[in-house]
Amino acid sequence: MSKRFNRRSRRAVIPLAAVSALVAGAGLTGCGQQRDASVYTVLNSSTDETYHRWDAEAMARCGERLGVTIEQQSVPAAQVMTKALRMASSKSLPDVVQFDASEMPTFAEAGGLVDLRTLGLSTADIPQGIVNFGSYRGTYYGAARSVNTLALFYNKDVLDRAGLRVPATWAELRETAQRLTRGKRYGLALSAGGAEDGVFQFTPFMWSNGGDETRLDGPKVVQALDYWKSLLKDGSLSKSTVGWTQADVNDQFMAGNAAMMINGPWQVETLNTKKSLHWGIARIPVPEAGGKSVGPLGGAVLTVPNTGDEQRERTAGKIVACLSSEQEQLTYALNSWMVPANEKAAAVWRQRVPELDALADQVAAARSRTAKLGAGWSSVSLALQSAFQSALTGESSQAALKRAQQRATSGNRGTRP
């Protein structure tokens, strides 16, 4: 991970067919190595020093409660899936794997995860949308400690000087972005790069407009992409948008090159390092006044791999339960600026960070990207990434999305929603 809060940057999307082929020959069950009965391993993406330390402290607390030693093995986010697959092939899977929630269904599809409810984990205080976020075909495989989504960040000083209100609808956003575009400053920055970052940022526009990932060439999806194109045509977006990650977007906003941006809470600590930047946050504008702003749920989930050692799996389940407990969630969320998955912890979080209250509201209406297609989401993501590059550099949205639908359908052939 190259930047501290770039939690969504350049995550590799591995097609289901490729993962299934690898896992099929790997033999997920069975332990190929003798393990220390008192030492448990967690594979995660906490390569950043701060995240690594927060996780180490949480694991030390949980290890003390459970009478075991918990060690973390951290790799870049884009490598978690491939690392887990390599470890599966050598029958040396860790006891807990923290997957990005969009990748978890792919491993679950291959039969590589244990149902957390069978290990005693409860979902009583978790909103159904977040339960679904960690589930695949109705089975609860992943416990989230915190979740995130996207919101509209804006420069308070720039809007105040222009005498403008924070936009709430697409029409208002377009007009406001146009009026704030001056010299080297664009009215809005967002990520439309050819990676999951861009897809993550497109979903609020697609879903809030009534579009659906099961029909990428549907009129509501085309309209959403046309809206992005209109912002580009107005000059309110930089032409570099097609290559920007969400970290790049944040850099532009902090440098004063964008008056507003679409981004997530993982950027907050970096934003706060610039004391002269007075920023605010609001829900992402919707097509019509009064509509629901539906963004994507983001974040990671803690899973227990199917190692075949039931005793270790039960203890691993207790580790997951401890790391995702109400108090540990609150501690983690306050450190990372994410929103706790647990409702009770989230209520306390709102009181502690009222400046991010709009983010909590956005999370309440957010959806999991894999809710409808499960492991088939990866094919949709790859198809959309290609469509953005084509449509934002000249091709019609209709043509680009028609090809994307054909590509996604081909990639999802044989995959049940």
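Preceding this section is the structure that the text describes.
The following paragraphs examine the structure supplied in this document. Quantities reported herein were computed from a predicted structural model and do not represent experimental measurements.

Here the focus is the overall build of the protein. Summing up its helical and strand segments, the protein has 17 helices and 12 strands in all. Taking 22 Å as the expected radius of gyration for a compact globule of 417 residues, we find that the protein reaches 21 Å, a close match to that expectation. For the C-alpha atoms alone, the extent of the protein along its principal axes is close to 65 × 45 × 35 Å. Taking all 417 residues of the protein together, the buried fraction comes to 58%. Taking as baseline every contact in the protein between residues at least 6 positions apart, the subset at least 24 positions apart corresponds to 77%. Split by element, the accessible area of the protein, about 16300 Å² in all, is 47% carbon and sulfur.

Moving on, we get to the packing of aromatic side chains. Within the structure shown, the criterion is met by 12 aromatic pairs. Centre to centre, the rings of F202 and W228 are 5.2 Å apart; their planes meet at 75°, and the pair counts as edge-to-face. With F202 in helix 8 (residues 196-208) and W228 in helix 9 (residues 219-234), this pair connects stretches of sequence that are 26 residues apart. Here a set of aromatic residues connected by ring pairs shows up, and it is made of W170, F202, F205, Y227, W228 and F388. Lying over the aromatic face of Y332, R145 brings its terminal NZ or CZ to 4.1 Å of the ring centre. Directly above the aromatic system of Y40 lies the positively charged group of R312, at a separation of 4.1 Å from the ring centroid.

Our next topic: helix 2 (residues 49-66). Compared with the 26 Å implied by 1.5 Å per residue over 18 residues, the 25 Å span of helix 2 between its first and last C-alpha is a close match. Against strand 1 (39-44), strand 2 (69-74), helix 12 (310-323) and helix 13 (326-336) lie the buried residues of helix 2.

On to the state of the cysteines. Tallied over the entire structure, the rule returns 1 disulfide. Residue C62 pairs covalently with C322 via a disulfide, S to S 2.1 Å. Between C62 and C322 the sulfur-sulfur dihedral comes to about -90°; the bridge is accordingly left-handed. With C62 in helix 2 and C322 in helix 12, the pair connects residues that are 260 residues apart, well separated along the chain.

With that settled, consider the sheet that holds strand 1. If you walk across this open sheet you meet the 4 strands as 2-1-3-11, and the pairing is mixed. Only two strands of the sheet have a single neighbouring strand rather than two, namely strand 2 and strand 11 (300-303). Averaged over all pairs of adjacent strands, the angle between strand axes in this sheet comes to 20°, irrespective of strand direction. Across 4 bridges, strand 3 (residues 96-100) lies against strand 11 in antiparallel orientation. Bridged to F99 within strand 11 is V301. Across the sheet, helix 2 touches strand 1 and strand 2, and the angle it forms with strand 2 is around 160°. Sheet strands in contact with helix 12 are strand 1, strand 2, strand 3 and strand 11, and its direction is about 55° off that of strand 1.

The next point concerns helix 3 (residues 80-89). Burial within helix 3 is extensive, with 7 of its 10 residues counted as buried. Of the positions making up helix 3, those classed as buried are V80, M81, K83, A84, L85, M87 and A88. Of the residues one or two after helix 3, K91 is the one with positive phi, at around 55°.

Another point: the pairing of strand 7 (residues 151-155). Of all 5 residues in strand 7, 5 are buried, a share of seventy percent or more. When strand 7 meets strand 9 (residues 258-263), the two strands line up antiparallel, connected through 4 bridges. Bridge assignment links A151 to a residue of strand 9, and that residue is N263. Pairing geometry for strand 7 and strand 10 (residues 279-282), over 4 bridges, is antiparallel. Residue pairing across strands places L152 opposite A282, the latter belonging to strand 10.

On to the pairing of strand 2. Note that strand 1 and strand 2 share 6 bridges and pair parallel. Residue pairing across strands places V39 opposite T69, the latter belonging to strand 2. The parallel pair strand 1 and strand 2, bridged by helix 2, forms a crossover whose chirality is right-handed.

Reading the values: the criteria
- Residues numbered from 1 in each chain as written.
- Predicted model: local features only at pLDDT ≥ 70, side-chain atom pairs only at ≥ 80, totals over all residues.
- Heavy atoms only, no water.
- Helix = DSSP H or I, 4+ residues; strand = E, 2+ residues; numbered from the N terminus.
- Rg over C-alpha atoms; globule rule 2.2 N^0.38 Å.
- Buried < 20%, exposed > 50% of the residue type's maximum accessible area, 1.4 Å probe, protein only.
- Contact = heavy atoms within 4.5 Å.
- Areas by Shrake-Rupley, 256 points an atom, 1.4 Å probe, with all protein chains shown as cover.
- Phe/Tyr/Trp six-rings, centres within 6.5 Å; stacked < 30°, edge-to-face > 60°.
- Lys NZ or Arg CZ within 6 Å of the ring centre and 35° of its normal.
- Expected span 1.5 Å × (residues − 1).
- Disulfide = S-S within 2.5 Å.
- Pairing = 2+ DSSP bridges.
- Axes fitted to C-alpha atoms, helices over the stretch in contact; angles between N-to-C directions.
- Right-handed = clockwise from strand over helix to strand, strands pointing away.

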